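# Report on the structure
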Amino acid sequence: MGKGGRSDAQTKAKVVTKPSHRVNDEGAWVSPYNPLDPKAPALPSKGEIKACIPKECFERSYVHSMLFVARDTAMAAGLVYVTNMYLSTSLPENLLSVEALTWFLGWNLYAFWM
């Protein structure tokens, strides 16, 4: 090890023939798309992508934005309140108990939603 995760042993990775699962000699995945190939399809420009999006998506609304802010603030406040009521910040004494499982799942759920 010590060389970016590669061992000193010379191992040959077998090359899989499926186009979506090509692997080079070092075992790394190789994309079937080569942007430097002259026959590669042209990628759409930013303007072409923007033209496909409906115009309503670009209209700004202060009221609509403030409703999202109020909704998110209410959800965060509710989650903090529920967490404060039901979860303790101290570690459970017995780590192999239902209380510890509830504590662990509760704090992970809180971390995910916050």
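Residues numbered from 1 in each chain as written. Predicted model: local features only at pLDDT ≥ 70, side-chain atom pairs only at ≥ 80, totals over all residues. Heavy atoms only, no water.

### A look at the overall build of the protein chain
The following threshold applies: Only runs of H or I of at least four residues qualify as helices and only runs of E of at least two qualify as strands under DSSP, and these elements are numbered from the N terminus. The criterion used for residue contact is that any of the two residues' heavy atoms lie within 4.5 Å. Only the protein chains shown count as cover for residues, and all accessible areas are computed by the Shrake-Rupley method using a 1.4 Å probe.
Scanning the protein chain for helices and strands turns up three helices and zero strands. Secondary structure of the protein chain in N-to-C order comes out as α-α-α. The contacts in the protein chain between residues at least 6 apart in sequence include a share of 17% that link residues at least 24 apart. Carbon and sulfur atoms make up 64% of the accessible area of the protein chain, which totals about 10,700 Å².

### What about the confidence of the model for the protein chain?
Low pLDDT means the predicted atomic positions in that stretch should not be read closely. The test is simple: The predictor attaches a confidence to each residue, and that confidence, scored 0 to 100, is pLDDT.
Of all residues in the protein chain, 82% have pLDDT values of 70 or greater, and the mean over the chain is 83. Taking the mean pLDDT of every element in the protein chain, the minimum, 91, falls on helix α3 (residues 98-113) and the maximum, 94, on helix α2 (residues 62-86).

### Some points on the side chain of threonine 83
For threonine 83, the location among the structural elements is in helix α2. For threonine 83, the contacting residues outside a window of four places in its chain are Trp107 and Tyr110.

### Looking at the pattern of salt bridges
Using the following cut-off: Salt bridges, as used here, are contacts in which a Lys or Arg side-chain nitrogen is within 4 Å of a carboxyl oxygen on Asp or Glu. Residue exposure (1.4 Å probe, protein chains only): buried if accessible area is under 20% of the type maximum, exposed if over 50%, otherwise partly exposed.
Evaluation of the coordinates by the stated rule reveals one salt bridge. The partner of arginine 71 in a salt bridge is aspartate 72, with the nearest N and O atoms 3.0 Å apart. Classification of arginine 71 by relative accessible area gives partly exposed; the value is 43%.

### Topic: the packing of aromatic side chains
Applied cut-off: A pair of Phe, Tyr and Trp rings is counted when the ring centres sit within 6.5 Å of each other, with Trp represented by its six-membered ring. The angle between the planes then sorts it: under 30 degrees is stacked, over 60 is edge-to-face, the rest tilted. In this scheme, the term charge over a ring applies when either NZ of a lysine or CZ of an arginine sits within 6 Å of the ring centre and within 35 degrees of the ring normal.
One pass over the full model with this rule turns up two aromatic pairs. With a centroid separation of 5.2 Å and an interplanar angle of 85 degrees, the aromatic rings of phenylalanine 112 and tryptophan 113 are classed as edge-to-face. We note that phenylalanine 112, like tryptophan 113, is exposed. Directly above the ring of phenylalanine 58 sits lysine 50, whose terminal nitrogen or CZ lies 5.4 Å from the centroid.

### As for a nonpolar patch on the surface
As a reminder of what qualifies: Each patch is built from salt-bridge-free residues with over 30% relative accessible area, joining like charges within 9 Å and nonpolar side chains (Val, Leu, Ile, Met, Phe, Trp, Tyr) within 5 Å.
On the surface, a cluster of nonpolar side chains totalling about 530 Å² of accessible area is made up of Tyr62, Val63, Met66, Leu67 and Val69. Looking at the secondary structure, you find valine 69 in helix α2. For valine 69, a relative accessible area of 43% puts it in the partly exposed group.

### Side note on the packing of α2 against α3
Which entries qualify depends on this criterion: Only the stretch in contact is used when fitting a helix axis, every axis being a line fitted to C-alpha atoms; angles between N-to-C directions are given from 0 to 180 degrees. Throughout this description, any angle smaller than 35 degrees is read as roughly parallel, any larger than 145 degrees as roughly antiparallel, any in the 65 to 115 degree range as roughly perpendicular, and the remainder as oblique. Handedness of a crossing is defined here by the sense of rotation of the near helix relative to the far one, left-handed for an anticlockwise turn of less than a right angle and right-handed for a clockwise turn. Just so you know the grouping, Ala, Val, Leu, Ile, Met, Phe, Trp, Tyr, Cys and Pro go in nonpolar, Asp, Glu, Lys and Arg go in charged, and all remaining residues, Gly too, go in polar.
Relative to each other, α2 and α3 sit at 165 degrees, their axes nearing to 11 Å. When the axis of α2 is compared with that of α3, the two are roughly antiparallel. Between α2 and α3 the crossing geometry is left-handed. Contacts from Leu79, Val80 and Thr83 of α2 reach α3 at Trp107, Tyr110 and Trp113. Each residue belonging to the contact of α2 with α3 can be placed in one class, and the counts come to five nonpolar, one polar and no charged.

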